[in-house]
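Listed here are the chains, written in short residue letters.
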Amino acid sequence: MTTTTTNDFSPPNGKQNPETIYSVNVTLVPLPHLTDYIPSLQTHTTPLQHNNFYHPSDGFYISHSDIILRRTVYDLDTNNTTLAYHRAGPREQIFYEPRNVRAAIVTCGGLCPGLNTVIRELVVGLWEQYGVREVFGIRAGYRGFYSMEPVRLDVKMVHDWHKRGGTVLETSRGGFDLDKIVNAIEDRGYNQVYIIGGDGTLRGAVKIFNEIRRRKLNVGVAAIPKTVDNDVGIIDRSFGFQTAVEKAQQAIAAAHVEAESAPNGIGLVKLMGRSTGHIALKATLSSRDVDCCLIPENEFYLEGKGGLFEFLDDRLKQNGHAVVVVAEGAGQDMIPRTDAQKQEVDESGNPVFLDVGVWLKSELKRWWERDHKGELFTVKYIDPTYMIRAVSANATDNLYCTLLAHSAIHGIMAGYTGFVAGPINGNYAYIPMDEIAETKNLVDTRDHNWAWVRSVTTQPDFGRM
Ligand SMILES: Nc1ncnc2c1ncn2[C@@H]1O[C@H](COP(=O)(O)OP(=O)(O)OP(=O)(O)O)[C@@H](O)[C@H]1O
Ligand SMILES: O=P(O)(O)OC[C@H]1O[C@](O)(CO)[C@@H](O)[C@@H]1O
Ligand SMILES: [Mg+2]
């Protein structure tokens, strides 16, 4: 980056000095590489050089000095800094002989549209672009490394997997046993490990990578972030999220039809989002049928001035119907629960939620009975929870999954390890796993997206302003 600076940022007369140069301070985030702990590793020219379908021309190969800026928007009046990451893509020199590669692919955590596409494209990319012939699917998540026989994968087998929802390899929660997993990786002779999963999976992947590095194993580890909730930070969005939002709209449309077809009808839709309201937010913005969107990042209340009931009372008087979208993680603190329920966690240690939709439906009915006894009223509750994530990916997500998988392969082949492949401002980058495992992408209720939701719905701010 240039270091020349000037403080003359004044364009009001429309005449910007064409020679003005501004500066941005860039800090390049170091990316782990196998040669950090195995300095003797040999390089090989990539087989892409002789691939019938790729014709490497100028600019085809990415070099170690190609970077992607984390921030692309700057205010020239302030002292600007940004992090930068190594750019994803094929390298001319690689650190594996393809015929010696034994790759393992695992999917962990909940389902997400596009999982099968990522698996398919890892197999196809390794096979077609690099000539790798030993690719194994680990069954049923992390536990599969040490407790099940792997499945041998080939291009023919995975041919139509992108058309299928779920994960053909199967997935699970829990079962993370670091020693057993890394022992299995060693014993089975895997030298490339591709891990597809969400925040919990990424935290596990960091531990696997650290243990592999501690043992100085010649094994590259890459992760591809997966979460229908879109709660992984740094990257633009997670795959499958758009498909899920699209699917969620069908539920909202149905809730709207039900609500407007009844006197004082309320359509209530619960959408996924354990601790983030991204699906609810984007489905609300794109549907425009929603009167109120409730998310975990913005606490709400029911009774009194500025509460949900007062708002719905007005909306029913004005329009005769209303649609409420609630993210599953919203309002959890208001739902009465037993001590045992308070302690409940799933096999991965995630808290188990009570059904906010069921609770809200009964609270709405209680409110109406109390304040409007004798007047017609109906609440139609739609819970499409698993329907929005159990579908196959849409076209955009399928293409996205392909680029993610191929980026991961190129990175591992280039000797990088302990990284996540993902897009930052539209460009694919390699991000150290530990950095991404520590970030969380929450809805920022101070930014324009949430303001937009509020302006579209005119819902209350629940005391935030
Ligand atoms: N801190 C951690 N350290 C090691 N392993 C972990 C950790 N957290 C979770 N895991 C393991 O990662 C796997 C997936 O975790 P989890 O069930 O939380 O799903 P996830 O990856 O967060 O995906 P999602 O939440 O999108 O469904 C499980 O096998 C779990 O045991
Ligand atoms: O698959 P399970 O264990 O029912 O978990 C459901 C959770 O998984 C997710 O789909 C992804 O984390 C959440 O939205 C949801 O809370
Ligand atoms: Mg998770």
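Residue numbers here run from 1 along each chain, matching the order of that chain's written sequence. Naming scheme: in the order in which they are written, chains are lettered from A and ligands are numbered from 1. Reporting in this predicted model follows two pLDDT cut-offs: at least 70 for local features of residues, and 80 or more for side-chain atom pairs to be given and counted; totals over whole chains, interfaces and linings ignore these cut-offs and use all residues. Hydrogens and water are ignored here; the side-chain numbers use all heavy atoms of the structure.

Attention now goes to the sheet that holds strand β11 (residues 265–271). A pair of strands counts as paired when DSSP detects no fewer than two bridges linking them. A run of DSSP states H or I qualifies as a helix once it reaches four residues; a run of E qualifies as a strand once it reaches two. Both are numbered from the N-terminal end. What the four strands build is an open sheet, ordered β12-β13-β11-β14; its pairing is parallel. Looking along the sheet, the strands with just one partner apiece sit at the ends: β12 (292–294) and β14 (378–382). In this sheet, neighbouring strand axes are inclined to one another by 15 degrees on average, regardless of whether the strands run parallel or antiparallel. Summarising the sheet, β11 and strand β13 (residues 321–327) pair through seven bridges and their orientation is parallel. Bridged to Ile 266 within β13 is Ala 322. Helix axes are fitted only over the stretch in contact, all axes being lines through C-alpha atoms; the angle between N-to-C directions runs from 0 to 180 degrees.

Let's shift gears to the packing of aromatic side chains. Centres within 6.5 Å make a pair out of two Phe, Tyr or Trp rings, where for Trp the six-membered ring is used; the pair is then stacked when the planes are under 30 degrees apart, edge-to-face when over 60, and tilted otherwise. Evaluated as defined, the whole model comprises twelve aromatic pairs. Geometrically, the ring pair formed by Phe 309 and Trp 367 is stacked, given 4.8 Å between the ring centres and 5 degrees between the ring planes. Of this pair, Phe 309 sits in helix α7 (residues 308–319) while Trp 367 is found in helix α9 (residues 356–371), placing the two residues 58 residues apart along the sequence. Exposure categories follow from relative accessible area, calculated using a 1.4 Å probe and restricted to protein chains: below 20% of the type maximum is buried, above 50% is exposed, and the middle band is partly exposed. You can call Trp 367 buried: its relative accessible area is 2%.

What follows covers the environment of Gly 59. Here Gly 59 lies in the loop between β2 (44–45) and β3 (67–69). Using a relative accessible area of 65% as the deciding quantity, one classes Gly 59 as exposed. Separated by 391 residues in the primary sequence, Gly 59 and Trp 450 have C-alpha atoms spaced 40 Å apart.

This next bit is on the site of ligand 1. Taken together, 17 residues lie near ligand 1, and Gly 110, Gly 174, Asp 199, Thr 201 and Ser 348 sit nearest. Whenever a nitrogen or oxygen atom comes within 3.5 Å of another N or O atom, the pair is scored as a polar contact, on the condition that within protein one atom can donate a hydrogen and the other can accept it, and that pairs from neighbouring residues in sequence are kept only if both atoms are in side chains. A distance of 2.8 Å separates a nitrogen atom of ligand 1 from a polar atom in the side chain of Lys 207. Within the side chain of Ser 348, one N or O atom sits 2.6 Å away from an oxygen atom of ligand 1. Charged means Asp, Glu, Lys or Arg here, nonpolar means Ala, Val, Leu, Ile, Met, Phe, Trp, Tyr, Cys or Pro, and polar covers whatever is left, Gly included. Its residues assigned to classes, the shell around ligand 1 shows two nonpolar, ten polar and five charged. When at least one non-hydrogen atom of a residue lies within 4 Å of a molecule or strand, that residue is treated as near it.

What follows covers the UniProt feature "domain: Phosphofructokinase" (unreviewed entry) in the protein. UniProt positions are given in the numbering used here, feature names are shortened, and annotations may be inferred rather than shown by experiment. UniProt records the feature "domain: Phosphofructokinase" (unreviewed entry) for residues 102–410 in the present numbering. Within residues 102–410, the helical portion is 41% and the strand portion 15%, while the C-alpha atoms at the span's ends are 15 Å from each other.

Take the site of ligand 2 next. Near ligand 2 the following residues occur: Arg 173, Val 228, Asp 229, Met 272, Gly 273, Arg 274, Glu 328, Tyr 386 and Arg 389. A distance of 2.5 Å separates an oxygen atom of ligand 2 from a polar side-chain atom of Tyr 386. A distance of 2.7 Å is found between an oxygen atom of ligand 2 and a side-chain nitrogen or oxygen belonging to Arg 389. For ligand 2, the accessible surface in isolation is 400 Å², of which the surrounding protein chains cover 78%. Partitioning the shell around ligand 2 into residue classes produces three nonpolar, one polar and five charged. Note on areas: these come from Shrake-Rupley sampling with a 1.4 Å probe, and a residue is covered only by the protein chains present in the view.

Salt bridges are defined by distance alone: a side-chain nitrogen of Lys or Arg within 4 Å of a carboxyl oxygen of Asp or Glu. A complete count under the given rule lists 26 salt bridges for this structure. For Glu 170, the salt bridge is made with Arg 139, and the minimal N-O distance between the two is 4.0 Å. With Glu 170 in the loop between β8 (151–153) and α3 (178–188) and Arg 139 in the loop between β7 (135–138) and α2 (144–147), the pair connects residues that are 31 residues apart, well separated along the chain. Classification of Glu 170 by relative accessible area gives partly exposed; the value is 40%. Ionic pairing is found between Arg 188 and Glu 149, a salt bridge with its closest N-O pair at 3.1 Å. A residue pair is termed long-range when its members are at least 10 positions apart, and Arg 188 in helix α3 and Glu 149 in the loop between α2 and β8 qualify at 39 residues. The partly exposed category is assigned to Arg 188, whose relative accessible area is 28%. What makes Glu 149 exposed here is its relative accessible area of 52%. A cluster of three or more residues bridged by salt bridges with shared partners is formed by Asp 179, Glu 186, Glu 211, Arg 214 and Arg 215.

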